Amino acid sequence: MSARVVLAVARRVLTQLRRDRRTVAMLLVLPCAIMTLLWWMFTGLPGRGFAALAPALLALIPFIVMFLVTSVTTLRERTSGTLERLLAMPMGKGDFLLGYALAFGVVATVQSALAVGVSTWFLDLDVNGPSWLLLVVAVLDALLGSALGLFVSAFARTEFQAVQFMPALVIPQILLCGLFVERDRLPRFLGVVSDCLPLSYAVDAMRSVSAQRHPDVLGDLALITAFAAAALVLGALTLRRRSA
Amino acid sequence: MTTGGFEVTGLTVVRGGTEVLRDLSCTVSAGEVTGLLGPSGCGKSTLMRAVVGVQQITRGSVRVLGEPAGSASLRHRIGYVTQTPSVYDDLTVVENLEFFASVLGVPRSRVGDCLTTVDLSSHRDAVVGRLSGGERSRVSLAVALLGEPELLVLDEPTVGLDPVLRQDLWGTFHALAAAGAAVLVSSHVMDEAMRCDRLLLMRDGRLIADDPPTALLARTGTADIESAFLALVREDR
Ligand SMILES: Nc1ncnc2c1ncn2[C@@H]1O[C@H](COP(=O)(O)OP(=O)(O)OP(=O)(O)O)[C@@H](O)[C@H]1O
Ligand SMILES: [Mg+2]
């Protein structure tokens, strides 16, 4: 493991991203626009529709976005031959993965800070717990999305296929994470499935932070981190120095 | 036996269910430019991948600079240019080189030197995706030169380049060999063969000749490498 190489990879990924102005704009503006849209939908309605859904959405967006961005970026790296070139150089797989995690961690932090800021300041989202915890959960979600994206990119040959993994892996998690039906009211089997999916804990954590003054989210955070680490290890196994 | 260059013994590689390399043996030594020639699909790139250590092999052994191919300790001693340029299209020329320089841990000054070698100094701030095919492959070549490798494996590095630049690059290859490196260059343009110190001719996953170009012409009684190759194929049947 070498800090020099990790930083070089992170810087390179961020430079590539910066060159793609449209993607940067989408990454930063879209989450804020979606939160605003959600708020707008509920403005004329009684009840706490926005306040109930916003925390879950703040967990979902970085997860989905980073899943897509990472799966396409690493797939590109695999198909362009640059990954093979890097692995033939003195670069550890860990350096490569950490570099990516660092770069996307930075992007996710900025992205989530904007979305959380817009939601709490302009859209009057009540957060009882500390707002910075919202950010921590969001960044972990983003890293989880990145790790899963990296893993699935090994099973895709084209960018079309990579994008198809989104509905396959992500939509079931969205359906079962407690956004549509409370997790404890799901049919028994689906409840168990929901317990096995990382996004469920992300949404739980977000909701605790916004509902409780002193939320206890350590367990949720530990689980999300464990899922992300497991996905990264699986992802590392798909980085082969030798191929057929 | 020196520890420079590489040694392939009884190498068989199966790709997609067919034997792409069949019981192939050869030795490439340091201090020489060795040409790897043969028709499209004969297995040149596969052999190079095996030497660099990125190809899964079925049987046989490949020893590079005295160690088994693919060893971790070889990774900063080999420069490899893949047939399709493997550089980042969305970075500039200099950003690409600086990135690979930090991965290799070589000083930044190497970037300018290697750009001069491949004659791309005037394009240093151009985004690679907007370069011509020949310019792109030169960026890829410059990356391989960064680490001053002891073994250079170049898969068709001169495709699409003009004669002047081609001549310059062959000059560079010979200079590197003279400085003690082993240089393996593949091509399917037979007229480049005369520029090599030694030739490996391949056909259908096997080696059909391993000689200096002049010796090859003398042995087959032909005037150019293309005819020599055809003569060898006839003999081989
Ligand atoms: N990824 C792959 N999977 C399966 N078969 C492959 C793969 N790559 C190449 N082959 C097969 O291996 C054989 C040798 O390919 P190789 O790329 O080594 O040829 P080559 O001599 O470099 O050809 P060219 O001069 O056109 O570059 C070909 O018949 C090709 O179809
Ligand atoms: Mg080839």
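Each value, and the rule that gives it
- Residues numbered from 1 in each chain as written.
- Chains lettered and ligands numbered in written order.
- Predicted model: local features only at pLDDT ≥ 70, side-chain atom pairs only at ≥ 80, totals over all residues.
- Heavy atoms only, no water.
- Helix = DSSP H or I, 4+ residues; strand = E, 2+ residues; numbered from the N terminus.
- Rg over C-alpha atoms; globule rule 2.2 N^0.38 Å.
- Buried < 20%, exposed > 50% of the residue type's maximum accessible area, 1.4 Å probe, protein only.
- Areas by Shrake-Rupley, 256 points an atom, 1.4 Å probe, with all protein chains shown as cover.
- Disulfide = S-S within 2.5 Å.
- Polar contact = N/O pair within 3.5 Å; in protein donor to acceptor, adjacent residues only side chain to side chain.
- Pairing = 2+ DSSP bridges.
- Salt bridge = Lys/Arg side-chain N within 4 Å of Asp/Glu carboxyl O.
- Contact = heavy atoms within 4.5 Å.
- Buried area = accessible area lost by both parts, 1.4 Å probe.
- Nonpolar A, V, L, I, M, F, W, Y, C, P; charged D, E, K, R; others polar.

### Notes on the overall build of chain B
- On a plain count of helices and strands, chain B comes out with 7 helices and 10 strands.
- Whereas a compact globule of 237 residues would reach a radius of gyration of roughly 18 Å, chain B reaches 18 Å, a difference of no more than 12%.
- Here chain B holds 237 residues, and 55% of them are scored as buried.
- Put simply, chain B shows about 9500 Å² of open surface, and 49% of that area lies on carbon and sulfur atoms.

### Some points on the state of the cysteines
All names here are of chain B.
- Summed over the entire model, instances satisfying the criterion amount to 0 disulfides over all chains.
- In this model Cys26 remains outside any disulfide bridge; the closest cysteine sulfur is found in Cys42, 12 Å from its own.
- Here Cys26 falls in the buried class, since its relative accessible area comes to 3%.
- Note on Cys196: no disulfide assigned, nearest cysteine sulfur contributed by Cys26 at a separation of 14 Å.
- Residue class for Cys196 comes out buried when judged on its relative accessible area of 6%.

### Comments concerning the side chain of Thr82(B)
Residues and elements named next belong to chain B.
- Assignment of secondary structure puts Thr82 in the loop between β6 (78-81) and α2 (93-104).
- Engagement of the side chain of Thr82 in a polar contact is seen with the backbone oxygen of Thr84, the distance being 2.8 Å.
- Here Ser86 takes part through its side chain, which lies 2.6 Å from a polar atom of the side chain of Thr82.

### Overview of the pairing of strand β10 (residues 206-211) of chain B
Residue and element names in this part refer to chain B.
- Note: strand β9 (residues 198-203) against β10, 5 bridges, orientation antiparallel. If you follow Leu200 over to β10, its bridge partner there is Asp210.
- Taking the residues that link successive antiparallel strands as the turn, the β9-β10 hairpin has 2 residues, and the phi of Asp204 there is positive, at about 55°.

### Some words on the pattern of salt bridges
- Taken as a whole and assessed by the stated rule, the structure comprises 18 salt bridges over all chains.
- The partner of Glu95(B) in a salt bridge is Arg19(A), and the shortest N-O contact between them spans 2.5 Å. With one member in each of two chains, Glu95(B) in helix α2 and Arg19(A) in helix α1 (residues 3-19) form a pair that bridges those chains.
- For Arg198(B), the salt bridge is made with Glu32(B), and the minimal N-O distance between the two is 3.6 Å. Of the two residues, Arg198(B) is situated in strand β9 and Glu32(B) in the loop between β2 (18-28) and β3 (33-37); the sequence distance between them amounts to 166 residues.
- Three or more residues joined by partner-sharing salt bridges are found here, namely Arg76(A), Glu159(A) and Asp90(B).

### Focus on the interface of chain B and chain A
- At the junction of the two partners, chain B supplies 34 residues and chain A supplies 26 residues.
- Here chain B packs against chain A, burying approximately 2700 Å² in sum over the two surfaces, 53% of which is carbon and sulfur.
- A per-residue breakdown of the area chain B buries against chain A is headed by Arg75(B), Tyr88(B) and Val103(B), which together make up 24% of the total.
- Our count for the chain B to chain A interface comes out at 3 salt bridges.
- One salt bridge in this structure joins Arg76(A) and Asp90(B), with 3.8 Å as the shortest N-O distance.
- On inspection of chain B and its partner chain A, the count reaches 16 residue pairs in polar contact (both at pLDDT 80 or more).
- For the side of chain B that touches chain A, the secondary structure elements donating two or more residues are α1 (44-52), β6, α2 and α4 (133-145) of chain B.
- Residue contributions to the side of chain B that touches chain A peak at 6 residues, all from α2(B).
- Here the residues of the side of chain B that touches chain A sort into 17 nonpolar, 11 polar and 6 charged.

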